[in-house]
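# Results of the structural survey
Listed below are the residues making up each chain.
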Amino acid sequence: MLFRSSTDEVDLFRELFSTAANAELEQRQLVKVQTNIPSCLASILHQSSLSLLAEGPGYKLWIPLKIEINEFGEIIQNLGAPEVIDINGHERSWRVKPPVDVTLTDGTDIPLGNILSLSSTGITLDMQDTLNIDESLDGKVLNLNLPDQKSVELQLQAVRADRHIFAARFECLNHGQDVIRQFLFSQHRSRHLDLYRKAM
């Protein structure tokens, strides 16, 4: 990823950091640094969630940023696992095809089928029989088993079932969305090493 500043942005930074501008700011006393947040802003910034955007060729990374205030009134920034968005064609969550060492089970150790693709919001399976599959899985809590013994509980909502292919959206339970997002980001990074090397 390459970040370029426009001429206007460069001029603005040059002006902000010039000695004349610094002297003028000191005279007007417009800039004030505080180590704690004023009480009028504390309620707005407490548990604040923002997103940072990084763009590369063919992909966008939306990085969750959570701002919290600790017991000393200091601002703590926590970056979450990025959501990888594929921008080739129409924008959608990036899919890993096929994910290695990932299974979907219904409480038993027997996989429901072979996972063909996985995104942060959906899954596609190759199954023995898709007849009435949406009815048999409706409302049922399933386990998405990721490498390193990580398991995420989720519920499926069928999108389509054709012969042996079953596609569904899912809703993660118990904060599993972050675990899936971290797994997908790791997969994307390992499959696109040159993209990340260029950004460094």
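Computed from a prediction, not measured in an experiment: that's the story for all the values here.

Turning to the pattern of salt bridges, a few remarks are in order. Under the defined criterion, the tally for this structure stands at three salt bridges. Here K140 ties to D106 by a salt bridge, and the two come within 3.6 Å at their closest N and O atoms. With a gap of 34 residues between them, K140 in the loop between α4 (133-137) and β9 (142-146) and D106 in the loop between β6 (103-105) and β7 (114-118) connect regions that are remote in the sequence. By relative accessible area, which is 33% here, K140 ends up partly exposed. The partly exposed category is assigned to D106, whose relative accessible area is 25%.

Time to look at the confidence of the model for the chain. Residues shown with low pLDDT carry predicted positions that ought not to be read at fine detail. Looking at the chain as a whole, its pLDDT mean stands at 78, while 72% of the residues score no less than 70. Mean pLDDT values for the elements of the chain range from 52 in helix α2 (residues 19-28) up to 95 in β7. Every residue in residues 27-34 scores below 50 in pLDDT, and together they form two contacts with partners more than four places removed in sequence or on other chains.

Parameters and conventions
- Residues numbered from 1 in each chain as written.
- Predicted model: local features only at pLDDT ≥ 70, side-chain atom pairs only at ≥ 80, totals over all residues.
- Heavy atoms only, no water.
- Salt bridge = Lys/Arg side-chain N within 4 Å of Asp/Glu carboxyl O.
- Helix = DSSP H or I, 4+ residues; strand = E, 2+ residues; numbered from the N terminus.
- Buried < 20%, exposed > 50% of the residue type's maximum accessible area, 1.4 Å probe, protein only.
- pLDDT = per-residue confidence, 0-100.
- Contact = heavy atoms within 4.5 Å.

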